[in-house]
Amino acid sequence: MLLDINVKLRRGHFDLSTPISLENASAGLFGQSGAGKTTVLGLIAGTLQAQSGHIVLDGKILFDSKKGIMVPREQRPIGAVLQTDSLDLAASVRETLHGIYRRCWTQRRLFKPDYLMRLLELDPILDRSIMRLSAGDRQKVMLAGSLLKSPKMLLLDDTFAAIGDSYRMQLLPILKRLQTEFDLPVLYASQSLREILELTDQLIVLENGQILRSGPLREVARQQGILRYLGVRQIDNILPVRIRSHDFAGGYSLADSFGQPFSLPLRPQFMPGSLTQVAIRANDIALSRGFIEGISIQNQIKGRICALIPGDGSVLVQIDCGCTLLAEITPGACREMVLQEGDWIYCLIKTHAIVYMAELDALPYEKVVNHGGGYYFLSAADADKRHFPV
Ligand SMILES: Nc1ncnc2c1ncn2[C@@H]1O[C@H](COP(=O)(O)OP(=O)(O)OP(=O)(O)O)[C@@H](O)[C@H]1O
């Protein structure tokens, strides 16, 4: 286990008392304003001290109230870009980064200043003073500074929200490289599921200092009402498909996905054998207990129900068909069909309800997020209309 936290902290009316554990992978700390995200990051980074409990990172105790251990922030192998952090405004970027590097422990120097300056494209601003930097550039310098510590983990507090869209596009691939090339897990705190999903589909959902749920998104989604709370408005299945052939007379292309045949809109520009991705809206999938003869719907995919996830006015049916499909149906349909986990079911999908991802730009989708091996989310609901049903 990478991180094991079990602490108690009371601040005014706010009570944080929750165990958090993190395997060796990135995770998103999701919560609305005041949920305690910054507090959790501060406890891990060492800017805050809990009243009791312990925090262990990679087997090393960072805090233990019983043993009287509180490792200071500078000595923690953690890189953190926190909202409360500030830099010496008069110093130049170069001086700042070299200063941080000199003060860091030398045991496990993973990154050198010159490398990070190149990676984060800081060259044009190296001799500029911190006070003359834009907010986005400041975040990049802070990120470089936190990476100079050669951390075992990187904590980011709503970093994308603090920077503009163009910086975010620059920063995302860098963060992804840090995760894959350098095995550096990122704990990213945000109120936006979409931002978290840009990095990882592992979630820790925090509310009022308590964990509501944690795990991969598809597991978290099993809790009633949580999808809306997370801000999810619309769910699409995104599947990789291999094109098999084109039926010009029939007006469709045939493809396979996880061993299942799919009839797709005719696209002869995809060579047989080529791979592409398609999207199917969860509410475009109908369910049937049996195979239906004499129906115009071309795709009848058999699978087994692995979860029934009740939501606001609908039920998400998670079906294992080789790939995982999510179908969104009404609670009434679910009741009348007496659907149960473990039941065999046919997913009925019209050919023209399947959309090629390559053509998605033409559709009114805000954003496609692509993670893990199952289903994916497009566009988020308004943050201010969410509450978790109790
Ligand atoms: N210095 C402080 N003293 C007392 N209470 C505090 C202090 N800082 C934060 N709090 C309280 O702790 C709770 C958690 O705050 P925290 O900043 O961790 O939430 P958050 O989830 O990060 O919110 P946001 O997304 O708005 O940053 C809030 O109720 C806040 O009012």
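Bear in mind the structure is a predicted one, so any value in this text is a computation, not a measurement. (Residues numbered from 1 in each chain as written. Predicted model: local features only at pLDDT ≥ 70, side-chain atom pairs only at ≥ 80, totals over all residues. Heavy atoms only, no water.)

Draft legend 1. Expanded view of the packing of aromatic side chains. In total, this model carries 3 aromatic pairs according to the counting rule given. Ring centres of Tyr115 and Phe182 lie 6.1 Å apart, and the angle between their planes is 70°; this geometry places the pair in the edge-to-face category. Highlighted residues: Tyr115 in helix α3 (residues 113-119) and Phe182 in the loop between α6 (165-181) and β9 (186-190), separated in sequence by 67 residues. Using a relative accessible area of 25% as the deciding quantity, one classes Phe182 as partly exposed. Of note, Lys302 hangs over the ring of Trp344, and the distance from its end group to the ring centre comes to 5.4 Å. (Phe/Tyr/Trp six-rings, centres within 6.5 Å; stacked < 30°, edge-to-face > 60°. Helix = DSSP H or I, 4+ residues; strand = E, 2+ residues; numbered from the N terminus. Buried < 20%, exposed > 50% of the residue type's maximum accessible area, 1.4 Å probe, protein only. Lys NZ or Arg CZ within 6 Å of the ring centre and 35° of its normal.)

Draft legend 2. Region of interest: the environment of Leu178. Inspection of the secondary structure puts Leu178 in helix α6. Through-space distance from the C-alpha of Leu178 to that of Leu154 is 9.5 Å; in sequence the pair is 24 residues apart.

Draft legend 3. Expanded view of the nonpolar core. The biggest cluster of nonpolar side chains holds 54 residues, and the ones touching the most others in it are Leu122, Leu143, Leu154, Leu178 and Leu230. Built from parts of two domains, this core gets at least three residues from each of domain 1 (3-220) and domain 2 (232-385). (Core = buried A, V, L, I, M, F, W, Y, C linked by side-chain atoms within 4.5 Å. Domains from an automatic or database assignment.)

Draft legend 4. Molecular detail of the state of the cysteines. Per the counting criterion, the structure on display carries 0 disulfides. Left without a disulfide partner, Cys321 is nearest to the cysteine sulfur of Cys347, which lies 4.2 Å away. (Disulfide = S-S within 2.5 Å.)

Draft legend 5. Up close: the pairing of strand β3 (residues 27-30). Residues Ala27 and Leu29 of β3 are buried on one face, and the alternating residues Gly28 and Phe30, pointing to the opposite face, are buried as well. As defined by bridge partners, β3 adjoins β9 across 4 bridges and the pair is classed as parallel. Its bridge partner lying in β9, Gly28 is registered against Tyr188. Of the pairings in the sheet, the one linking β3 to strand β10 (residues 202-207) comprises 3 bridges and is parallel in character. Considered in β10, the bridge of Leu29 is made with Ile204. (Pairing = 2+ DSSP bridges.)

Draft legend 6. Highlighting helix α4 (residues 135-147). Its 13 residues give α4 an end-to-end C-alpha distance of 18 Å, which sits within 8% of 18 Å, the value for a rise of 1.5 Å per residue. Judged by how many residues are buried, α4 sits mostly within the fold: 11 of 13 residues are covered. Of the residues making up α4, those classed as buried are Gly136, Asp137, Gln139, Lys140, Val141, Met142, Leu143, Ala144, Gly145, Ser146 and Leu147. (Expected span 1.5 Å × (residues − 1).)

Draft legend 7. Focus on the site of the ligand. Neighbouring the ligand are the residues Arg11, Phe14, Gln32, Ser33, Gly34, Ala35, Gly36, Lys37, Thr38, Thr39, Gln83 and Gln191. Between the ligand and the protein, one listed contact pairs an oxygen atom with a backbone N or O atom of Gly34 at 2.8 Å. Here Gly36 contributes a backbone N or O atom positioned 2.9 Å from an oxygen atom of the ligand. For the ligand, the accessible surface in isolation is 640 Å², of which the surrounding protein chains cover 60%. (Near = heavy atom within 4 Å. Polar contact = N/O pair within 3.5 Å; in protein donor to acceptor, adjacent residues only side chain to side chain. Areas by Shrake-Rupley, 256 points an atom, 1.4 Å probe, with all protein chains shown as cover.)

Draft legend 8. The arrangement of the packing of helix α2 (residues 93-103) against α4 in detail. Relative to each other, α2 and α4 sit at 20°, their axes nearing to 9 Å. Relative to α4, the element α2 is oriented roughly parallel. In this structure, α2 meets α4 at a crossing whose hand is right-handed. Where α2 abuts α4, its residues Val93, Thr96, Leu97 and Ile100 lie against Val141, Ala144 and Gly145. Among the residues making up the contact of α2 with α4, the classes are represented as 5 nonpolar, 2 polar and no charged. (Axes fitted to C-alpha atoms, helices over the stretch in contact; angles between N-to-C directions. Parallel < 35°, antiparallel > 145°, perpendicular 65-115°, else oblique. Left-handed = near helix turned anticlockwise from the far one by under 90°. Contact = heavy atoms within 4.5 Å. Nonpolar A, V, L, I, M, F, W, Y, C, P; charged D, E, K, R; others polar.)

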